[in-house]
Amino acid sequence: MRLVTFTHQGQRRLGVRSGNSIIDLNATDPSIPSTMREFLEAGDDSLSRAYATIDKGACAIPATDVTIQAPIDNPKKIICIGLNYADHATESGMPIPEEPIVFSKYASSIIGPDENIVVPSVSSQIDYEVELVVVIGKQGRNISEEDALNHVAGYMVGHDVSARDYQLEKPGGQWMMGKTFDTFAPIGPDLVTTDDVPDPHNLGIRCILNDETVQDSNTSQLIFSVPRLVTYLAHVFTLTPGDLIFTGTPPGVGMGRDPQLWLKHGDHIICEIDGLGRLENPVVSD
Ligand code: MN
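An account of the accompanying structure is given in this report. (Residues numbered from 1 in each chain as written. Predicted model: local features only at pLDDT ≥ 70, side-chain atom pairs only at ≥ 80, totals over all residues. Heavy atoms only, no water.)

1. Observations concerning the packing of aromatic side chains
Taken as a whole and assessed by the stated rule, the structure comprises three aromatic pairs. Relative to Phe181, the ring of Tyr166 has its centre 5.1 Å away and its plane inclined at 75 degrees; by these criteria the two rings are edge-to-face. Note that Tyr166 is positioned in helix α6 (residues 164–169) and Phe181 in the loop between α7 (176–179) and β14 (185–186), a separation of 15 residues in sequence. In this pair, the class of Tyr166 matches that of Phe181, namely buried. Three or more aromatic residues link up through ring pairs in this structure, and these residues are Tyr166, Phe181 and Phe184. (Phe/Tyr/Trp six-rings, centres within 6.5 Å; stacked < 30°, edge-to-face > 60°. Helix = DSSP H or I, 4+ residues; strand = E, 2+ residues; numbered from the N terminus. Buried < 20%, exposed > 50% of the residue type's maximum accessible area, 1.4 Å probe, protein only.)

Take a look at the structure:
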């Protein structure tokens, strides 16, 4: 199932993409929560109601009549994994990690498809990073790797936009400030539930900047798998429905090129993952 958050006639609602239509879940069944986090918090009950709604086939709106928003705009956590593809670690001049590198973004950095990525005037090194994003569906702490995927609701495309000068040159080597400028976490368009993603570790993943493919890899290249990451994170803190895990980016980022390549006003960038969708955003200056 391809869950979407959309706006139609000024109202924000939850839906399911079905071909060229969006099924309005809230209009079909008012007991279904209208925000993605509440929907995920309701667990299997929400999912079965949503499937029942699809079977009714009612309240379908042409996709061209709605505005697709970020699937979720208020996760309690946005967890990001650094250097999770070996070739990307090498191009970044960093050792291949033996344990996941973890940082975070704030929810204020989230934007949806077609919204502007804003280049802040204080940075001159804005980089792109296409990433597979894991969406947590079930609360848990100390989760085994065998049980980890039971805590995952689905997957989506994410973009870990990064100000390299802030990420790498700030005191203490802290990454977070360079990763959490407003608009630096585009996500979407769809949250694809796990039953429609047979193998999250075999998905083509690409980034296309102004018609040039700048990243082209496969999630089979992940150093730390989705279950490994869930287990690793949950040995420290509780994962809750709606939490997002950005799993790291493949090689090809602008920082690793010669000459280096930075995002600028007027650029158009596409992040895509096979089976999950295509996330397009224009780039504008502050
Ligand atoms: Mn990243």
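2. Quick word on the pattern of salt bridges
Under the counting rule described, the total for this entry stands at 19 salt bridges. Connected through shared salt-bridge partners, Lys105, Asp127, Glu129, Asp160, Arg164 and Lys179 make up one network. (Salt bridge = Lys/Arg side-chain N within 4 Å of Asp/Glu carboxyl O.)

3. Side note on the coordination of the manganese ion
For the manganese ion, the full set of protein donor atoms is Glu129 (OE), Glu131 (OE) and Asp160 (OD), at a range of 2.0 to 2.1 Å. Residue classification places Asp160 among the buried residues on the basis of a relative accessible area of 0%. (Donors = N, O, S within 2.8 Å, 3.2 Å for Na, K, Ca; no water.)

4. Regarding the sheet that holds strand β9 (residues 117–119)
As summarised here, the arrangement of the five strands in space is β9-β20-β19-β16-β17, forming an open sheet in which the pairing is mixed. In this open sheet, the two edge strands, each paired with only one partner strand, are β9 and β17 (212–218). Ignoring strand direction, the axes of neighbouring strands in this sheet form an average angle of 20 degrees. For β9 and strand β20 (residues 277–285), the ladder comprises three bridges, and the chain directions are parallel. From the neighbouring strand, Val118 faces β20, where its bridge partner is Val284. (Pairing = 2+ DSSP bridges. Axes fitted to C-alpha atoms, helices over the stretch in contact; angles between N-to-C directions.)

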